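So the chains spell out like this:
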Amino acid sequence: MTKVIRWGIIGTGNIAHQFARGLQSVSDAELVAVGSRSQASADKFGDEFNVPNRHATYEALASDSSVDAVYIATLHNFHKENALLCLQNHKGVLLEKPFTVNAQEAEEVINFAREQGVFLMEAMWTRYFPAMIKLRDLLAAGAIGDIMLVQADFGFRMGTVLPKHRIFDPDFVGGALLDVGIYPISLASMIFGKQPERISSMAHMGETGVDELSAMIFGYEHNQMAIATTAIQVNTPHEARISGSEGRIHMPDFWHPTELTLFRDDQPPQTFDCPFDGNGYNYEAMEVGKCLREGKLESDIMPLDESLALMQTLDKIRAEWGLKYPME
Ligand SMILES: NC(=O)c1ccc[n+]([C@@H]2O[C@H](COP(=O)([O-])OP(=O)(O)OC[C@H]3O[C@@H](n4cnc5c(N)ncnc54)[C@H](OP(=O)(O)O)[C@@H]3O)[C@@H](O)[C@H]2O)c1
């Protein structure tokens, strides 16, 4: 019989709700505990998702013996301390993106997970969708020849500037790059299997001192390139285009994709429909379950060395802009 993974969630905000809904579509997973900074919020969340154990502190959640794995759904600047807390209590950890504030924090968390021998994975949910598996298969089979260029964007419009909102507030590591810029950058990393050797970028800093719009060009060995744009005050198409020596692939809504189209030179386009079950957050939970059942300490699809390398890339980009957060 398949072992049921008993989940706990730290934080009761927006993404915690999405993940809890996603878990409802995973047959071999159960949401058994939630931890919040307040009992009222834990109880409200518990009532909504029928969660038996409702904790008024993150510490109580982390030490709950009925929990196998914890999904950390707090703000970027709390990821490190919340992950360390769970790892210390020998709970497998699924840590929201961006993994941490910077590479130094990422290294600390990864080293600790390895020392403790406990599972850890970045919750880059995009990687586990059926359409992403199809994309990886097509690229590996040489469907577009040698991959030469990745173009992807993730921008959305917040509208009114709310200085105390996590998206704008430097104290909560606001800005587009770490919140949504990570999607196109992580996509390029997945496709090329490496980080850029050269980076050219430009950013517009908004009135609260965080990046509201930016464009980045990455150069890799063998003349490969990626172009990524990201924003929090302009809606962009959310499209990925991967071009190679023999064709290209277009993937609309690449951060939660349902299809992709292959254009091979001199052939009619071929669209692959790849619908997803549930709300999509189920796939990352399924990957954690698979790894835990196999006794693995990290995922092959989102390896920890890559999560660290991605944070190093984000650090380099921010260094170009002179963007440091108050806690750094
Ligand atoms: N994968 C995705 O699609 C996706 C989408 C959106 C966001 N995210 C990521 O998920 C994380 C949370 O984003 P969110 O949109 O869910 O944020 P949110 O709605 O503001 O919720 C964040 C939660 O963090 C907890 N928290 C701990 N200390 C806090 C503090 N001092 N102030 C405010 N909240 C605090 C709170 O939970 P308690 O009150 O229960 O303690 C709060 O509900 C971010 O890192 C973000 O990048 C991922």
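Fair warning: this is a prediction, and the values are worked out from it, not measured in the lab.

Q: I'm lost on the overall build of the protein in this one. Help?
A: Within the protein one finds 9 helices and 14 strands. Over its C-alpha trace the protein gives a radius of gyration of 20 Å, about what one expects of a compact globule, namely 20 Å for 328 residues. Across its three principal axes, the protein shows a C-alpha extent of roughly 60 × 50 × 40 Å. A buried classification covers 55% of the 328 residues belonging to the protein. The contacts of the protein with a sequence gap of at least 6 include a subset with a gap of at least 24, amounting to 67%. Considering the protein, the positive charge centre built from 27 side chains and the negative charge centre built from 44 side chains are found 1 Å apart.

Q: For this particular structure, what's the right way to read the pattern of salt bridges?
A: Going through the model one piece at a time under the given rule, you end up with 20 salt bridges. Ionic pairing is found between Asp47 and Arg54, a salt bridge with its closest N-O pair at 2.9 Å. Of the residues examined, Arg54 reaches a relative accessible area of 25% and is grouped as partly exposed. Close ionic contact of Glu221 with Lys194 constitutes a salt bridge, the shortest N to O distance being 3.6 Å. With Glu221 in the loop between strand 9 (211–219) and strand 10 (225–231) and Lys194 in the loop between helix 7 (176–192) and strand 8 (198–205), this pair connects stretches of sequence that are 27 residues apart. According to the relative accessible area criterion, Lys194 is partly exposed, its value standing at 21%. Taken together, the shared-partner salt bridges connect Lys290, Glu294, Lys296 and Asp300 into one network.

Q: What am I meant to see in the site of the ligand here?
A: In the vicinity of the ligand, 24 residues are found, and the nearest of them are Thr12, Ser36, Tyr58, Lys97 and Tyr281. Side-chain polar atom of Trp125 to an oxygen atom of the ligand: 3.3 Å apart, as the coordinates give it. One nitrogen or oxygen atom from the side chain of Tyr183 is found 3.3 Å from an oxygen atom belonging to the ligand. Its free accessible area being 900 Å², the ligand has 81% of it covered by the protein chains. Only helix 1 (14–23) and helix 7 provide two or more residues apiece to the shell around the ligand. Classifying every residue of the shell around the ligand gives 10 nonpolar, 9 polar and 5 charged. No fewer than three residues from each of domain 1 (5–123 + 281–297) and domain 2 (130–275 + 310–321) sit in the shell around the ligand.

Q: Would you explain the domain arrangement of the protein in this entry?
A: Along its sequence, the protein is organised into domain 1 (5–123 + 281–297) and domain 2 (130–275 + 310–321). Between the C-alpha centres of domain 1 and domain 2 the distance comes to 26 Å. Taken residue by residue, the interface counts 14 residues in domain 1 and 13 residues in domain 2. For the domain 1 and domain 2 pair, buried surface summed over both sides reaches about 1,200 Å², with 66% attributable to carbon and sulfur atoms. Lys97 is the partner of Asp179 in a salt bridge, and the nearest nitrogen-oxygen pair spans 3.7 Å. Where domain 1 packs against domain 2, one counts 3 residue pairs in polar contact (both at pLDDT 80 or more). Of the residues contributing to the side of domain 1 that touches domain 2, the split by class is 8 nonpolar, 4 polar and 2 charged.

Q: Even after reading the chapter, I still don't get the packing of aromatic side chains, so can you show me in this structure?
A: When we look at a pair of aromatic rings, we describe it by the centre distance and by the angle of the planes. Per the counting criterion, the structure on display carries 12 aromatic pairs. Summarising the aromatic geometry, the rings of Phe129 and Tyr283 are spaced 5.8 Å apart at their centres and angled 40° between planes, so their arrangement reads as tilted. Taken together, the residues span a long stretch of sequence, with Phe129 in the loop between strand 6 (120–123) and helix 6 (130–140) and Tyr283 in helix 8 (residues 281–293) at a distance of 154 residues. For Tyr283, a relative accessible area of 12% translates into the label buried. Of note, Arg248 hangs over the ring of Phe263, and the distance from its end group to the ring centre comes to 4.2 Å.

Q: What is the right way to look at the side chain of Ser307 in this model?
A: Structurally, Ser307 is set in helix 9 (residues 304–321). Leave out the neighbours within four places in its chain, and Ser307 touches Phe99, Glu122 and Met302.

About the criteria used
Residues numbered from 1 in each chain as written. Predicted model: local features only at pLDDT ≥ 70, side-chain atom pairs only at ≥ 80, totals over all residues. Heavy atoms only, no water. Helix = DSSP H or I, 4+ residues; strand = E, 2+ residues; numbered from the N terminus. Rg over C-alpha atoms; globule rule 2.2 N^0.38 Å. Buried < 20%, exposed > 50% of the residue type's maximum accessible area, 1.4 Å probe, protein only. Contact = heavy atoms within 4.5 Å. Lys, Arg positive; Asp, Glu negative; His and termini not counted. Charge placed at Lys NZ, Arg CZ, Asp CG, Glu CD. Salt bridge = Lys/Arg side-chain N within 4 Å of Asp/Glu carboxyl O. Near = heavy atom within 4 Å. Polar contact = N/O pair within 3.5 Å; in protein donor to acceptor, adjacent residues only side chain to side chain. Areas by Shrake-Rupley, 256 points an atom, 1.4 Å probe, with all protein chains shown as cover. Nonpolar A, V, L, I, M, F, W, Y, C, P; charged D, E, K, R; others polar. Domains from an automatic or database assignment. Buried area = accessible area lost by both parts, 1.4 Å probe. Phe/Tyr/Trp six-rings, centres within 6.5 Å; stacked < 30°, edge-to-face > 60°. Lys NZ or Arg CZ within 6 Å of the ring centre and 35° of its normal.

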